[in-house]
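Observations on chain architecture
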Amino acid sequence: MKITVFGSGYVGLVAGACFAESGNQVICVDVDPHKIEMLNNGKMPIYEPGLEEMVKRNMRAGRIQFTTDLAFGVRASLFQFIAVGTPPDEDGSADLQYVLSVAATIGEHMEGEKIVVDKSTVPVGTGDKVRAQIQKILDRRGVDWEFEVVSNPEFLREGVALKDFMEPDRVVIGASAPSALASMKELYAPFMPEADKLLVMDLRSAEMTKYAANSLLATKISFMNEVSQLCEQVGANVDMVRVGIGSDHRIGPSFLFPGVGYGGSCFPKDVQALVRTGAQNQCPMELLEAVEQVNEKQKKSLLVKVDRVLGQQIQGKKLAIWGLSFKPQTDDMREAPSRVIVKGLLERGARLHLHDPEAMAEAKRVFSLPEEGLRDYLDHIHYHQDFYEALEGAEALLILTEWHEFHRPDFARMQKLLRRPLIFDGRNIYHPTKMKEKGFEYYSVGRPA
């Protein structure tokens, strides 16, 4: 099958690579010439384990190509996947300008039947807007090509996105036309050995499914984070509570790990968008409003512990931070808790020494953005490729991302490097009793100090 994917960001690039891997002819289109040049040179604009190897393999096989030629992308393929960004607007609603711009491009250049697939995360009703946009352009051109609009939301987890696409829990297809549905089933057949994993529904239900799924997962995280705060006050251990409730098959163990809040490109944006959709339809999403409030509070919870332990000693002190990305196995720092914590520590006068296995370049870019408000503090930020190097002479270590290499460090070496054997663990990767036995002053989330 011939597929064009508009948008070579996270979703579009993973989808394009995986479709090519299953034998399809794929054209990835993007308006950013620098990104396309990178991809044509075999370099990835994002970090995702295994992605670079998959892209290069399919480039050598001639199954995937990258271009800025929008018209070529439209004319060459039956399937037109829209996988561009839908960033939150000022009011929290999803900004659809890029989605509708692609729809207009399709209408402008199509010269035959097309199946237009919304892969971007979009509010309920977007499919109708895409259809209307394309039809308006076709009417203006005076042509009457047939096309169908399909919703096919993505459920990819950063760090394991290739596995999620190639071996999905489910594939959701929102479509009404039998011909478009049959074509989508054929397209996804290589990924779907079990037919019951392909869920067919109407367009609007498919759009709602994506937002509802991410909002529910965010709710579980905020619930557990709030429980962790109460555990600290009453002397309970959130790890034991988590196992106790997660063993109930009605609840399950996933997304019950407390920490310093959720981040990334999906949960924060999707919760805000669903809250805004509710407001627009006179249906306040009060639970999700609380989920968002709890998350913002949780991002500052480690700062509260630092203030309580170090107080005014933070001023002028060196602090080490391990982990900047919002989760392991990615360099994504969108809405990452580290951004809130780094800013808070710098405003308190700390000198920060940072390490992340993959997000160092992204951190330098993010912290220098004008909207981040850190221009006056940039000379107080130091980056280290070696995570032990960041510890030398530090008053304390803060762990903000649970990268695998942080789980089994040389604790004796850490003690020698740190000025004070003090750790604030925002991801609960160590055991409090064992850390005490090793001679560390150790603070974590929802567990006795």
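Reference entry: report on the structure contained in this document. Keep in mind it's a predicted model, so treat the numbers as computed, not measured.

**Quick notes on the overall build of the protein**
A tally of helices and strands in the protein yields 17 helices and 14 strands. For 449 residues, the compact-globule estimate of 2.2 N^0.38 gives 22 Å, and the C-alpha radius of gyration of the protein, at 24 Å, lies within 12% of that figure. Taking the principal axes of the C-alpha coordinates as reference, the protein spans close to 75 × 45 × 40 Å. Sequence-distant contacts in the protein: of pairs separated by 6 or more residues, those separated by 24 or more amount to 74%. Just so you have it, the protein exposes about 20,100 Å², and 51% of that area is on carbon and sulfur atoms.

**Points about the side chain of S338**
Assignment of secondary structure puts S338 in helix α14 (residues 337–347). Those residues within four positions of S338 in sequence are excluded, and the remaining contacts are G323, L324, M333 and L400.

**Remarks on the nonpolar core**
Soluble globular proteins tend to pack their nonpolar side chains together in the buried interior. With 44 residues, the main nonpolar core has F19, L51, F81, F165 and Y188 as its most contacted residues. When residues of this core are assigned to their parent elements, the largest contribution, nine residues, is made by helix α1 (residues 10–21). Among all residues touching F81, those that are not within four sequence positions of it are I3, T4, V5, F6, F19, V117, K119, N152, M184, L187 and Y188.

**Re helix α9 (residues 203–234)**
With 32 residues, α9 ought to run about 46 Å at 1.5 Å a step, and its terminal C-alpha atoms sit 47 Å apart, in line with that. The N-capping residue of α9, defined by a side-chain oxygen 3.3 Å from the backbone nitrogen of R204, is D202. Looking one or two places after α9, you find G235, whose phi comes out positive at around 85°.

**Observations concerning the pattern of salt bridges**
Scanning the model with the defined rule gives 24 salt bridges in all. The salt bridge partner of D239 is R242, with a shortest N-O separation of 3.9 Å. Taken together, the positions of D239 and R242, both in helix α10 (residues 238–246) and three residues apart, correspond to about one turn of that helix. A single burial state applies to D239 and to R242, both of which are buried. One network of salt bridges, with partners in common, ties together D128, R131 and R204.

**Concerning the pairing of strand β5 (residues 114–118)**
Among the five residues that make up β5, five are buried, leaving the element largely enclosed by the rest of the structure. A two-sided burial pattern is seen for β5, the buried positions comprising K114, V116 and D118 on one face and I115 and V117 on the other. Across four bridges, strand β4 (residues 79–82) lies against β5 in parallel orientation. Bridge pairing links F79 to I115 in β5.

**Remarks on the environment of K317**
For K317, the location among the structural elements is in the loop between α13 (301–310) and β9 (318–322). Discounting residues that sit within four places of it in the chain, K317 has contacts with G349, A350, R351, E395 and R419.

**Re the pairing of strand β7 (residues 171–174)**
Neither face of β7 is open: one carries V171 and I173, the other V172 and G174, and all of them are buried. Sheet topology note: the β7/strand β8 (residues 198–201) ladder contains four bridges and is parallel. Paired with V172 across the two strands is L199, which belongs to β8. Between the parallel pair β7 and β8, the chain is carried across by helix α8 (residues 178–188), and the sense of this crossover is right-handed.

**Describing the sheet that holds strand β14 (residues 441–443)**
What the six strands build is an open sheet, ordered β11-β10-β9-β12-β13-β14; its pairing is parallel. Edge positions in the sheet fall to β11 (381–383) and β14, since each of these pairs with one other strand and no more. Averaged over all neighbouring strand pairs, the angle between strand axes comes to 20°, with direction disregarded.

**Description of the packing of aromatic side chains**
This model, assessed by the stated rule, comprises 18 aromatic pairs. By the ring-pair criterion, three or more aromatic residues cluster together here, those being F19, F79, F81, F165, Y188 and F191. Positioned above the aromatic ring of F155, the side-chain terminus of R170 is 3.7 Å from the ring centre. Taking the ring centre of Y388 as reference, the NZ or CZ of R413 above it sits at 4.1 Å.

**Examining the packing of helix α11 (residues 267–280) against helix α12 (residues 286–299)**
Packing of α11 against α12 leaves a shortest axis separation of 9 Å and a crossing angle of 145°. In this structure, α11 crosses over α12, and the sense of that crossing is left-handed. Between α11 and α12, the residues in contact are V271, Q272, L274 and V275 and L288, E289 and E292, respectively. Taken together, the residues of the contact of α11 with α12 break down into four nonpolar, one polar and two charged.

**Details of helix α3 (residues 51–60)**
All buried positions along α3 are accounted for by L51, M54, V55 and N58. Here the buried residues of α3 occupy an arc of 95° about the axis, which is enough to place them on one side. Buried residues along α3 sit against α1, β3 (64–67) and α7 (161–166). A positive backbone phi angle near 75° is found at G62, which sits one or two residues after α3.

The rules behind the values
Within each chain, residues carry numbers counting from 1 in the order of the written sequence. Per-residue local features of the predicted model are confined to residues with pLDDT of at least 70, and side-chain atom pairs are confined, for both listing and counting, to 80 or more; whole-chain, interface and lining totals are unaffected and use all residues. The side-chain figures draw on all heavy atoms in the structure; neither hydrogens nor water molecules are used. In this description a helix means any DSSP run of H or I spanning at least four residues, a strand means any run of E spanning at least two, and both kinds are numbered starting from the N terminus. In this description the radius of gyration comes from C-alpha coordinates, and the expected globular size is given by 2.2 Å times residues to the power 0.38. We call two residues in contact whenever any of their non-hydrogen atoms come within 4.5 Å of each other. Per-residue accessibility takes into account occlusion by the displayed protein chains alone, with areas from the Shrake-Rupley method and a 1.4 Å probe. Nonpolar cores are built from buried Ala, Val, Leu, Ile, Met, Phe, Trp, Tyr and Cys residues. Side-chain atoms within 4.5 Å join them into one set. Accessible area is worked out with a 1.4 Å probe on protein chains only. A residue is then buried under 20% of its type maximum, exposed over 50%, and partly exposed in between. Expected span of a helix, by definition, is 1.5 Å for each gap between consecutive residues, and there is one gap fewer than residues. In protein, a polar contact means a hydrogen-donor-capable atom and an acceptor-capable atom, both N or O and within 3.5 Å, with residues adjacent in sequence counting only if both atoms are side-chain atoms; elsewhere, any N or O pair within 3.5 Å suffices. Each salt bridge in this description consists of a side-chain nitrogen of Lys or Arg and a carboxyl oxygen of Asp or Glu lying within 4 Å of one another. When DSSP locates at least two bridges between a pair of strands, those strands are taken to pair. When the strands point away from the viewer, a crossover counts as right-handed if the path from the first strand over the helix to the second runs clockwise. Axis angles are defined between N-to-C directions and span 0 to 180 degrees, where every axis is a line fitted to C-alpha atoms and, for a helix, only to the segment in contact. Pairing of aromatic side chains here covers Phe, Tyr and the six-membered ring of Trp, requires ring centres within 6.5 Å, and sorts the geometry by plane angle: under 30 degrees stacked, over 60 edge-to-face, intermediate tilted. Should the NZ of a Lys or the CZ of an Arg lie within 6 Å of a ring centre and within 35 degrees of the ring normal, that charge is described as sitting over the ring. The hand of a helix crossing depends on one turn: near helix anticlockwise from the far one by less than a right angle means left-handed, and clockwise means right-handed. Following the grouping adopted for this structure description, the nonpolar residues are Ala, Val, Leu, Ile, Met, Phe, Trp, Tyr, Cys and Pro, the charged ones are Asp, Glu, Lys and Arg, and the polar ones are all others, Gly among them. In this context, the arc is that of the directions from the helix axis out to the C-beta atoms.

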